[in-house]
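Residue-level structure breakdown
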Amino acid sequence: MYFDDVQAGDSMPVLVKEPITKLQLVKYAGASGDFNPLHTDDDVGRSVGLGGVIGHGMLTMGFVGQALTNWIPKKYLKKFKVRFAGMTKPGEVITITGKITAKDEENNLISGELSARDQNDQVKIQASFEAKLPRKN
Amino acid sequence: MANKDKIGKEFPPFAWEVEKGKIRELVQAIGDNNPIFLDREAAVAAGYKNIVAPATFITVPMMWTNTLTSTLDDADVKFVNILHGEEEYEYFAEIYPGDILTGQAKITDIQTKKGKSGAMDLIKMEVNYTNQEGKPVLKARTLIVEKI
């Protein structure tokens, strides 16, 4: 990916994730070390009025990171910031979209926005990123 | 309720070794099959030195060293009442298996706000990571919201 080839307004390829599963939350807990029982014990989720387990915010950030680095190589990524806007639950299908919003010609930087939404268009994450791209020559 | 006396507190640095298996576990849990996170040949062909850590990998040492829990605990924040508000990463260098990361955590701000659903504490913390060469690798900023 070259700085010369991208424009403000370019869209990221859309990523549609498989539905979140309870097993996935167990795998994510083990991998990440976040053992908050809110993510793996339905009784705990029910006891705080959430109806059952909720997904780790960081799992959703992982989805957004996946979409981002499928599009812009990891080695060019300089900043990645998310605001957690909604909880996820097993069964939800998360779609990540994004676009480039600005180009800084002096520093070869692009910046952009992304969001993660569920199948009912409820926003889970609003995100922004900055990347430094090489020029063709 | 968070203890505002802890604003500015820096915690002792921790050291943590990056392992290939943890990278694999994390990307498999996320469902990210980008080969640069799994296959050395693919990673080198894409311009990395080795299999490389994905964009959100730094949460692994943050959680496995208990840095998040112990920092919040030190500030009297009740884990059962928290939500993750924001997370921000600034990347300075790639992270590879075998790297020894040194992380240092700091509480940068604590504020009390009144929202629609009641009062909350906004706790901001930062962890700065360097590698075994002393190179800055990543700066992580976290905003935790505690219902009070």
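A quick note: this is a predicted structure, and the numbers were derived from the prediction, not measured. (Residues numbered from 1 in each chain as written. Chains lettered and ligands numbered in written order. Predicted model: local features only at pLDDT ≥ 70, side-chain atom pairs only at ≥ 80, totals over all residues. Heavy atoms only, no water.)

Quick look at the overall build of chain B
Put simply, the rule is: Put simply, DSSP H or I for four residues or longer makes a helix, DSSP E for two residues or longer makes a strand, and each gets a number counted from the N terminus. Categorising residues by exposure relies on relative accessible area from a 1.4 Å probe, with only protein chains included: less than 20% of the type maximum marks a residue as buried, more than 50% marks it as exposed, and the intermediate range marks it as partly exposed. Every residue pair with non-hydrogen atoms within 4.5 Å of one another is taken to be in contact. For every accessible area listed, the method is Shrake-Rupley and the probe measures 1.4 Å; residues are considered covered only by the protein chains on display. In this charge count, Lys and Arg are treated as positive and Asp and Glu as negative; neither His nor the chain ends contribute. Charged groups are reduced to one reference atom each: NZ for lysine, CZ for arginine, CG for aspartic acid, CD for glutamic acid.
The helix and strand tally for chain B stands at four helices and five strands. Ordering the α and β elements of chain B from the N terminus gives β-α-α-α-α-β-β-β-β. Judged by the C-alpha coordinates and their principal axes, chain B covers about 50 × 30 × 20 Å. Sorting the 148 residues of chain B into buried and exposed places 49% on the buried side. Of the contacts made within chain B by residues no fewer than 6 positions apart, 70% connect residues no fewer than 24 positions apart. About 7000 Å² of surface is accessible on chain B, with carbon and sulfur atoms providing 49% of the total. Averaging the coordinates of the 18 positive side-chain charges in chain B and doing the same for the 22 negative ones gives two points 5 Å apart.

Some points on the interface of chain A and chain B
Applied cut-off: In short, buried area is how much 1.4 Å probe accessible area vanishes from two parts on joining, totalled over both. One speaks of a salt bridge when a side-chain nitrogen belonging to Lys or Arg is within 4 Å of a carboxyl oxygen belonging to Asp or Glu.
Chain A puts 32 residues into the contact, and the matching count from chain B is 33 residues. Carbon and sulfur atoms make up 58% of the surface buried where chain A meets chain B, a total of about 2800 Å² over both sides. Seen at the junction of chain A and chain B, the total is three salt bridges. The partner of lysine 74 of chain A in a salt bridge is glutamate 94 of chain B, with the nearest N and O atoms 3.1 Å apart.

A closer look at the environment of alanine 140 of chain B
Residues and elements named next belong to chain B. Note that alanine 140 resides in strand β5 (residues 136-147). It is 9.5 Å that separates the C-alpha atoms of alanine 140 and methionine 62, two residues lying 78 residues apart in sequence. When near neighbours in sequence (up to four residues on either side) are disregarded, alanine 140 contacts Glu88, Tyr89, Met125, Glu126, Val127 and Tyr129.

Notes on the nonpolar core
Under the convention used in this document: Only buried Ala, Val, Leu, Ile, Met, Phe, Trp, Tyr and Cys residues count toward a nonpolar core, and they belong to the same one when joined by side-chain atoms within 4.5 Å.
Counting 79 residues, the largest nonpolar core has Ile72, Phe80, Ile96 and Ile110 of chain A together with Tyr129 and Leu138 of chain B as the members making the most contacts within it. When residues in this core are grouped by element, the largest group, eight residues, is from helix α3 (residues 57-71) of chain A. Not counting chain neighbours up to four residues away, the residues in contact with tyrosine 129 of chain B comprise Phe14, Ile58, Pro61, Met62, Leu101, Thr102, Gly103, Lys135, Pro136, Val137, Leu138 and Ala140 of chain B.

Comments concerning the pairing of strand β5 (residues 123-132) of chain A
For a regular strand, side-chain orientation follows a simple rule: the groups alternate between the two sheet faces. All names here are of chain A. Note the threshold: Note: two strands are recorded as paired if DSSP finds a minimum of 2 bridges between them.
Summarising the sheet, strand β2 (residues 77-84) and β5 pair through seven bridges and their orientation is antiparallel. The residue bridging lysine 81 from the neighbouring strand is serine 128, located in β5. In the sheet, strand β4 (residues 109-117) pairs with β5 via nine bridges, with the strands oriented antiparallel. Bridge assignment links serine 115 to a residue of β5, and that residue is glutamine 126. Hairpin geometry of β4 and β5 is characterised by an intervening segment of five residues between the two adjacent antiparallel strands and by a positive phi of about 65 degrees at aspartate 121.

Just distances and angles here, no functional claims.
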